[in-house]
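Chain residues, written in single-letter form:
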Amino acid sequence: MQSREIREKFLKFFEERGHTKIPSASLIPEGDKSVLFTTAGMQPLVPYLMGNEHPQGKRLVNIQKCVRTQDIEEVGDNTHDTFFEMLGNWSLGDYFKEEAIKWSFELLTSKEEGFGLDPKRLYITVFEGDENAPRDEEAFEIWKKYMPENRIYFMGAKSNWWSMGEDGPCGPDTEMFYDVTGKLGDMTKEEYMVADERQEVVEVWNDVFMEYLKKGGKVVGKLSQKNVDTGAGLERLTMALQGKNNIFETDLFAPLMGVTSSRIAADHIRTSVFMIADGVTPSNTDRGYILRRLLRRAYVSDKNIDPIVDAVINHPSYQGLYTFAPNTKEIIHDELAKFEKALSAGLKQVEKGADPFTLFTSYGLPLEIIKEVVPNLDEEKFKEEMKKHQELSRQSSSQKFSN
Ligand code: SER
């Protein structure tokens, strides 16, 4: 099943169950200063999850373009990417856990109406409870109608509580994982956690039961209505459906991987092209800086960028769905020409004795690239400095985004 068909099936399934299709919002959030990019399908829907009436009704479905860069160092493994499309359906104070779980299971496993995934390769997690909310026995009981009890694991807030940030709607979630090896069978919770760590199981869908409100990082009570917010990453779902163990072998990445051997370059250029389409240009601050870093990291992984840009722009899965900026290549060329100059200057400085860590702070190069360009790099020292740097940027970004 190709990615186009997966999108269509998802939308059709929920439209047939009373959901109205809404368009993907821009990657640049409208009127929300707390985040740089749209990171989830629910983000543009926050006012409606809080109780405002949505003009399209109480049941919505869409495919949302998202950018998440907090896992950027993970890109290159089997499942992480910085841009992805999120398939989502919402109940704004309408149906709740019973229908949400039923439909998730049906869509994933039904051969007629859904994706026909093997239920014997599914695993479920539900919230184990804490001071904010009780153990989600309700979700557990519902799941038992579809799944054997030993494949449903109770997990803590770290994995099974979802919120977008310090303020806003939030709640416990139930997540669905798929065995991409086809060999795992029954697993204890401990075995399941090891399989998750090894990326042998992959999260294909998340149903959040949003009935709580967070303020200043604390859960302060319940919302005026009970909502459902679901999210399925198209790339990961496609990987499960195409029988691959990594996203780079799916049809979403295949044309890109046909012109580069670097997963980092493929991922970062795809994200960059989508950012540029929504009006971001490289700069030294905020969104522009993230774009700049992505382009630089892509470039040091593979200097032959143009074919990757073409592969994104002409991608059969994006035709008729997304439009790209006509000056995409120009923007990228200008940026990389400047970088090429700066990089050779930086390397000269390092040759003359400057601390190689400046290649990270001033040029945004990741460790694995710096290791390549700086022979005999003291990795321990580098990692120490990285820790200090991350601590500092955490502090300054929490100051920045807190008001
Ligand atoms: N907001 C949840 C997530 O991002 C479900 O859509 O996973």
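Preceding this paragraph is the structure being described.
Here we summarise the structure given alongside this text. (Residues numbered from 1 in each chain as written. Predicted model: local features only at pLDDT ≥ 70, side-chain atom pairs only at ≥ 80, totals over all residues. Heavy atoms only, no water.)

**Some words on the layout of surface pockets**
Taken as a whole, the second largest pocket holds about 280 Å³ of empty space. If you go around the second largest pocket, you meet 13 residues; those closest to its centre are Leu11, Lys21, Ile63, Leu321 and Tyr322. Residue assignment for the lining of the second largest pocket shows that the elements contributing at least two residues are α1 (3–15) and β2 (59–67). The element that contributes the greatest number of residues to the lining of the second largest pocket is α1, accounting for four residues. Its residues placed into classes, the lining of the second largest pocket shows six nonpolar, two polar and five charged. (1 Å grid on protein atoms, 1.4 Å probe; cavity = no way out; pocket = protein on both sides within 12 Å on 5 of 7 lines; lining within 4 Å. Points joined across faces, edges and corners; volume = space filled by probe spheres on them. Helix = DSSP H or I, 4+ residues; strand = E, 2+ residues; numbered from the N terminus. Nonpolar A, V, L, I, M, F, W, Y, C, P; charged D, E, K, R; others polar.)

**Topic: the packing of aromatic side chains**
Here the structure, examined in full by the defined rule, presents 26 aromatic pairs. Here Phe177 and Tyr192 contribute two aromatic rings whose centre-to-centre distance is 5.6 Å and whose plane-to-plane angle is 85°, an arrangement assigned as edge-to-face. One end of the pair, Phe177, is in strand β7 (residues 168–179); the other, Tyr192, is in helix α6 (residues 189–197), with 15 residues separating them in the sequence. A relative accessible area of 5% places Phe177 in the buried class. By relative accessible area, which is 1% here, Tyr192 ends up buried. Relative to Phe339, the ring of Tyr299 has its centre 5.9 Å away and its plane inclined at 75°; by these criteria the two rings are edge-to-face. Placement of the pair is Tyr299 in helix α10 (residues 286–301) and Phe339 in helix α12 (residues 328–351), with a sequence separation of 40 residues. In terms of burial, Tyr299 and Phe339 fall into one category: buried. (Phe/Tyr/Trp six-rings, centres within 6.5 Å; stacked < 30°, edge-to-face > 60°. Buried < 20%, exposed > 50% of the residue type's maximum accessible area, 1.4 Å probe, protein only.)

**With respect to the site of the ligand**
Near the ligand the following residues occur: Ala40, Met42, Arg68, Met86, Trp162, Asn206, Val208, Asp229, Thr230 and Gly231. A distance of 2.9 Å separates an oxygen atom of the ligand from a polar side-chain atom of Arg68. Here an oxygen atom of the ligand and a side-chain polar atom of Asn206 are 3.0 Å apart. In isolation the ligand offers 230 Å² of accessible surface; the protein chains occlude 95% of this area. Those elements that provide at least two residues to the shell around the ligand are β8 (201–215) and β9 (218–233). (Near = heavy atom within 4 Å. Polar contact = N/O pair within 3.5 Å; in protein donor to acceptor, adjacent residues only side chain to side chain. Areas by Shrake-Rupley, 256 points an atom, 1.4 Å probe, with all protein chains shown as cover.)

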